[in-house]
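Observations on the three-dimensional arrangement
Below are the chains, spelled out letter by letter.
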Amino acid sequence: MPVITSVEDLRRLAERRVPRMFYDYCAAGSWSESTLRANVDDLQRIALRQRVGVDLSRRSTRTTMCGVDVAMPVALAPTGLGGMMHADGEILAARAAERFGVPFTLSTMSICSIEDVAAATTTPFWFQLYVTRDREFAASLIDRAKAARCGALMVTMDLQVLGQRHMDIKNGLSTPPRPTLRNLIDLATKPRWCLGMLGTQRRTFGNIVGHAKGVDSLTSLSAWSNAQLDPSLGWNDVEWIKRRWGGRLILKGIQDPDDARRAVDSGADALIVSNHGGRQLDGAQSSIRALPAVVDAVGTKIEVHMDGGIRTGQDVLKALALGAKGTYIGRAWNFGVGALGEAGVTKVLEIIHKELDLTMAFCGRTDVREVDRGVLLPGTAPA
């Protein structure tokens, strides 16, 4: 393993090892990418308050997220195409998360299926649901997640329509890659990735192909996917999902205090302040700027988590200080798996954990559950 000291080191390595269209799918955002950049930049603008003279000999980053004991308040976010960053990428990430003691969330648009990940792990993972026009298929996904003993169902609320992602259009994104001259030249420079893909049969959307009606090939998958985004998705659908699921429910994509109050009324167990990683509404405020108002609106009526821009343990601490009870990493674990497979995801978790532990100590705190605004330098954080 090369010397890795940060998630950024893994990002650079993944950029060299992963085919361009899949790296860009992970790394890029929608339109001008202003929200993608703001997610990171606004976290970096928050300054920390250093304290001394505190007994730091006993420190703990352990807490709970949605009723689950975790080694630190970080979960692996659902991301599409994780299995194209590295062969069997979602399985590798789920194993790394399980060993480390944090939740892994599988995306509807994953390459490895619900059943694949369930067979490779022993700890219940979480499943993220895109609510399709085909409600029968959406219901079958919920039922499959129940059969796989998933510990929570995460419903994405902010994908009623698809934000335009320029890089995906320019790259002609497809799974597996089409044999164009440009793609063949790119793949020729990625022998490690190609060898990995030759060793697996999982090369398309495992939760969809063979499960959705009429989807048995790449051609039918493309037509089906384009027709399945549901602009009518509403709060009544959340009620239906909650009844059918019957377990812990998390709503992802909440940015506005009014929507946060609706999430409370829906009976969900947790909400995630998220702008889809800057991949939907470009120009939306960053997650860290949206967080305080959402926390203020709902108080302790629902557990508030945050997703977007988390690249370091310091970012995690800042989100906790502004009221989040948990955070998610999406691009970070994809960079890890793309760079070094399962070992890369483990490395991401180790780096973030160490950064969180040390930063918490520098700020004079010994228990992550006691972190509050007192660790932030006044005047640098969103009000």
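This text goes with the structure placed above it.
Report on the accompanying structure.

The gaps of empty space that remain are located by a probe, the size of a water molecule, rolled over the atoms. Roughly 440 Å³ of volume is contained in the second largest pocket. In this structure, the second largest pocket is lined by 21 residues; those nearest its centre are Met-157, Asp-158, Leu-159, Gln-160 and Gly-253. A breakdown of the residues in the lining of the second largest pocket according to their chemical character gives 10 nonpolar, 9 polar and 2 charged.

This part takes up the packing of aromatic side chains. The full count for this structure, using the stated rule, is 4 aromatic pairs. When the centroid spacing of 6.1 Å and the interplanar angle of 25° are considered together, the rings of Tyr-23 and Phe-335 count as stacked. A residue pair is termed long-range when its members are at least 10 positions apart, and Tyr-23 in helix H2 (residues 20-27) and Phe-335 in helix H16 (residues 331-340) qualify at 312 residues. According to the relative accessible area criterion, Tyr-23 is buried, its value standing at 5%. The interplanar angle of 70° and the centroid separation of 5.8 Å between the aromatic rings of Phe-104 and Trp-333 together place this pair among those described as edge-to-face.

We now examine the environment of Phe-205. Among the structural elements, Phe-205 can be located in the loop between helix H10 (191-198) and helix H11 (218-228). As for Phe-205 and Thr-175, which are separated by 30 residues in sequence, their C-alpha atoms are 8.0 Å apart.

Turning to the pattern of salt bridges, a few remarks are in order. Taken as a whole and judged by the stated rule, the model has 20 salt bridges. We note a salt bridge from Arg-135 to Asp-230, for which the minimum N-O separation is 2.7 Å. Of this pair, Arg-135 sits in helix H7 (residues 135-147) while Asp-230 sits in the loop between H11 and helix H12 (235-245); the two residues are 95 residues apart in sequence, bridging distant segments of the chain. Taking relative accessible area as the criterion, Asp-230 reaches 6% and is therefore assigned buried. Residues participating in the shared-partner salt-bridge network are Glu-8, Asp-9, Arg-11, Arg-12, Glu-15, Arg-20 and Asp-24.

This part is about the packing of H7 against H12. Closest axis-to-axis distance for the H7/H12 pair is 10 Å, and the angle between their directions is 35°. H7 and H12 meet at a crossing whose hand is right-handed. Here H7 contributes Arg-135, Ala-138, Ala-139, Ile-142, Asp-143, Ala-145 and Lys-146 to the contact with H12, which in turn contributes Asp-237, Trp-240, Ile-241, Arg-244 and Trp-245. Of the residues contributing to the contact of H7 with H12, the split by class is 7 nonpolar, no polar and 5 charged.

Another point: the packing of helix H5 (residues 89-100) against helix H17 (residues 342-362). Where H5 meets H17, the closest approach of the two axes is 8 Å, and the angle between their N-to-C directions is 40°. With respect to H17, the element H5 is oriented oblique. For the pair H5 and H17, the crossing hand works out as right-handed. On H17, the residues touching Leu-92, Ala-93, Arg-95, Ala-96, Ala-97, Arg-99 and Phe-100 of H5 are Glu-342, Val-345, Thr-346, Leu-349, Glu-350 and His-353.

Relative to the elements of secondary structure, Asn-183 occurs in helix H9 (residues 181-188). Within the structure, the side chain of Asn-183 is placed 2.8 Å from the backbone oxygen of Arg-178, a separation counted as a polar contact. Those residues in contact with Asn-183 that lie beyond four places of it in its chain are Met-21, Pro-177 and Arg-178.

Moving on to the environment of Arg-144. For Arg-144, the position within the fold is in helix H7. Considered as a pair, Arg-144 and Cys-26 are 118 residues apart in the sequence and their alpha carbons are 26 Å apart. Contacts of Arg-144, omitting those with residues within four sequence positions, involve Ser-113, Ile-114, Glu-115, Gly-206, Asn-207 and His-211.

Let us look at the pairing of strand S9 (residues 303-307). Taken across its 5 residues, S9 has 5 buried, putting it largely inside the fold. Burial of S9 is two-sided: the residues Glu-303, His-305 and Asp-307 facing one way and the residues Val-304 and Met-306 facing the other way are all buried. Two strands pair when backbone bridges link them, and strand S8 (residues 270-273) and S9 are joined in this way by 4 bridges, in the parallel orientation. Across the sheet, the residue bridging to Ala-270 is Glu-303, located in S9. A crossover connection joins S8 to the parallel S9 through helix H14 (residues 287-298); in handedness this β-α-β unit is right-handed.

Counting 107 residues, the largest nonpolar core has Leu-76, Phe-104 and Ile-329 as the members making the most contacts within it. Looking at which element gives the most residues to this core, the answer is H17, with 7 residues. Core analysis: the next-biggest nonpolar cluster, separate from the first, contains 12 residues, Val-70, Ala-77, Ala-152 and Ile-250 among them.

It is worth spelling out the pairing of strand S6 (residues 152-156) at this point. With 5 of 5 residues buried, S6 is to be regarded as a mostly interior element. Here S6 shows no split at all, with Ala-152, Met-154 and Thr-156 on one side and Leu-153 and Val-155 on the other all buried. With respect to chirality, the unit in which strand S5 (residues 126-129) leads through H7 into the neighbouring parallel S6 is right-handed. With 4 bridges joining them, S6 and strand S7 (residues 249-254) adopt parallel strand pairing. Directly across from Leu-153, in S7, lies its bridge partner Leu-249.

What counts as what
Residues numbered from 1 in each chain as written. Predicted model: local features only at pLDDT ≥ 70, side-chain atom pairs only at ≥ 80, totals over all residues. Heavy atoms only, no water. 1 Å grid on protein atoms, 1.4 Å probe; cavity = no way out; pocket = protein on both sides within 12 Å on 5 of 7 lines; lining within 4 Å. Points joined across faces, edges and corners; volume = space filled by probe spheres on them. Nonpolar A, V, L, I, M, F, W, Y, C, P; charged D, E, K, R; others polar. Phe/Tyr/Trp six-rings, centres within 6.5 Å; stacked < 30°, edge-to-face > 60°. Helix = DSSP H or I, 4+ residues; strand = E, 2+ residues; numbered from the N terminus. Buried < 20%, exposed > 50% of the residue type's maximum accessible area, 1.4 Å probe, protein only. Salt bridge = Lys/Arg side-chain N within 4 Å of Asp/Glu carboxyl O. Axes fitted to C-alpha atoms, helices over the stretch in contact; angles between N-to-C directions. Left-handed = near helix turned anticlockwise from the far one by under 90°. Contact = heavy atoms within 4.5 Å. Parallel < 35°, antiparallel > 145°, perpendicular 65-115°, else oblique. Polar contact = N/O pair within 3.5 Å; in protein donor to acceptor, adjacent residues only side chain to side chain. Pairing = 2+ DSSP bridges. Right-handed = clockwise from strand over helix to strand, strands pointing away. Core = buried A, V, L, I, M, F, W, Y, C linked by side-chain atoms within 4.5 Å.

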